[in-house]
Structures are given as C-alpha cells and as structure tokens.
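Coordinate inspection notes
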Amino acid sequence: MRLRRLLGHGLGAAALLILANCDDALESSIAPQARPTQPQLANAYVEPSAASRDLARYYQRVERDLLTRGLMRTDGGGPDTPFDADDLARNFEAIAFYSEYPGAAVSGSSQRTSGRLSRWSGPVRIQAEFGPSVSPDQRAADKAQIRAYSERMSSLTGHPISTVTRNANFHVFVAGDDDTEFVQTRLRQLFPNIGQAQLNLFQDLPRSFYCFVFASASNGAPNTYTGAVALVRAEHPDLMRLSCIHEEIAQGLGLPNDSPRARPSIFNDDDEFALLTSHDEKLLTMLYDPRLKPGMTAQEAAPVVRIIARELMGQSL
C-alpha cells in the first residue's frame, strides 16, 4: 500500500490538484473570486454509519501493516538517512519544480516535465472544518494538531501561516464517507464556480483515496497561490490522520511532487516516513527563501538553490 500522489493542472484557472492513492487526476477549474461571507453549515455530531465504521477498521489494518513492516517512521530521520547539500538541492528541484503528471489526466507512461516555482505571497489562514461524523473529542484533537503544525510551518518558512475560525484561505476538511453532502455544500459556498468534477471527488471516494489537496491561483499570477482546500478522511487512525495533515498542508504550501531519491522525506512514495522530517523542514525553508521568486524555472533558480542548500547544511560555498 503506497501513499502516492497524482498531479493534475487546470489550465484555465492555474489550479493545482494533488491526489493521494488514486488512479486518475482530474482537472481543477476553481478560481478565487470575491464573494459575500456566508455562515458555515451546522455540523452537529452524528454517529458514524456502519459503513464508515467498517472503513475505519480497514484503515486500521492498513496502518498496522505499514508499521509492522517498519514503515511510517516518526523519528524525522537519523544516522541511517544521511543527506548533504547536493542531495537537498537535487531533491528540492525535483519536488518544487517538477510534476510527474503534467496533464489533466494520468497516463501509464507519464513524463516528468519542468514547471515553475509556486507558493503563497500573502498570509496563509488555515481553518479546520469537520463533517458531522467527526466526534467532538476528535475535532478538538485535530484542531490542536493543525494549529501546532501551522505554527511549525510559519517558523520554518518565515511566512505568516496561522489557524483561524473565519476568513480562511486554506480549508482543511476532516470528513468521512457519511459527510459527502456537508462537504459538497460547503465547497459550493467557498467556491461558487466549482466544477462538478471536483465535487465528485468528495462523493463515494474509493478506499484508495487517502487524502488530497488542491491549491488555486489567479490567471494573472498563476504561480502565486491564493486559496487551498484539503481533505483528510475521518476514518483514518491517528498516525495516518496526522500523516495526511503533515503532507497535504506542506504540499498546499508549494511542494507538489514526489521523488524516489528524497530521504528522509514524506515526499517519497515508499511510505518510510509518516511525518515531516528534518530534510523536509529544510525544503520548506528553501521554498520561502526571499532569494527565490514565484514563477522561477528550475534552471533559473538552480544557482541560488545550491547556495541556500549549503547554508542550511552548514557547508562552505
């Protein structure tokens, strides 16, 4: 079982769609726009259905199997996972600038193509939103995890990233199979022009969809993110749930790709690490270094990337 992500680029809206463990990536057509503030839907707790409880047991078995095989490490890397400045620079280029799946759909022989650096320029305001099937205790725990992780992201990047209860531009939905109607209605509120293809992602999700995020930008500044939405399955056990939070928020900040050479890293399909590592922390610091600019190509950024990597690793230039 691999937690791989597939990428699809919506050409009209300059939107990025990142999917976990799926067979197809769909084009995103969401564009940010001015809209009146609308009240959030009521989401009083409703006990999960039998189908949702069965799904939760399935994911518990998946997590147990991964842990039994020594995967989903939480130690952040150690002596067995060394990396140097050259590794860091190479991995940053692969993860920040390249997309394995450049089109709106994924073919069996996808070709890696060079893109441009994308990230946020304005403050990132993250709001946790919960489907009715998520218990009050779980909501409180997830909010605390998202708040702590947001603070860590802000410290690493030097960029204003915080959690809010209103006026968010990065929405993290924790929702189960029972919560489809709630999530779709809420998405229509947030993005009145959302397409049916995107709404369908939240309906009858196959088990192979673990979590995903899409980030949107305006046509005028296609490499500057202005909004994002992530979904984390409510049925996940604790570690898989936290792993999704770590991965999808980090990807929504501008690290969209995987690399099989990245280690220790969550940006790798091998599931060795569940949570953000020391290597990944440096990738995020690099991403928001002011010497790099949104829209840069990998070739344009390469000399600066090498300098920053050596600085972060304490190696001489």
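Note: the structure precedes this text.
What comes next concerns the included structure. (Residues numbered from 1 in each chain as written. Predicted model: local features only at pLDDT ≥ 70, side-chain atom pairs only at ≥ 80, totals over all residues. Heavy atoms only, no water.)

Topic: the pairing of strand E8 (residues 170-175)
Along E8, six of the six residues are buried, which leaves the element largely enclosed by surrounding structure. In E8, alternate side chains face the same way, and those of Phe170, Val172 and Val174 on one face and His171, Phe173 and Ala175 on the other are all buried. One ladder, built from six bridges, connects E8 with strand E10 (residues 221-233); its direction is parallel. In the strand pairing of E10, valine 172 is matched with alanine 230. (Buried < 20%, exposed > 50% of the residue type's maximum accessible area, 1.4 Å probe, protein only. Helix = DSSP H or I, 4+ residues; strand = E, 2+ residues; numbered from the N terminus. Pairing = 2+ DSSP bridges.)

A few points about the state of the cysteines
For the structure shown, the criterion picks out one disulfide. What pairs with cysteine 211 in a disulfide is cysteine 244, and their sulfur atoms sit 2.2 Å apart. On the S-S bond that ties cysteine 211 to cysteine 244, the torsion sits near -80°, and the link is left-handed. Here cysteine 211 is found in strand E9 (residues 211-218), whereas its partner cysteine 244 is found in helix H6 (residues 238-252), with 33 residues between them in sequence. Considered together, cysteine 211 and cysteine 244 belong to a single accessibility category, that of buried residues. (Disulfide = S-S within 2.5 Å.)

Topic: the packing of aromatic side chains
Two aromatic rings, taken as a pair, are described by how far apart their centres are and by the angle between their planes. Under the counting rule described, the total for this entry stands at six aromatic pairs. Relative to tyrosine 225, the ring of tryptophan 120 has its centre 6.5 Å away and its plane inclined at 80°; by these criteria the two rings are edge-to-face. Of this pair, tryptophan 120 sits in strand E5 (residues 119-120) while tyrosine 225 sits in strand E10, placing them 105 residues apart in sequence. Residue class for tryptophan 120 comes out buried when judged on its relative accessible area of 2%. Look at tyrosine 225 and you get buried, because its relative accessible area is 6%. We note arginine 207 situated over the ring of tyrosine 58; from NZ or CZ to the ring centre the distance is 4.3 Å. (Phe/Tyr/Trp six-rings, centres within 6.5 Å; stacked < 30°, edge-to-face > 60°. Lys NZ or Arg CZ within 6 Å of the ring centre and 35° of its normal.)

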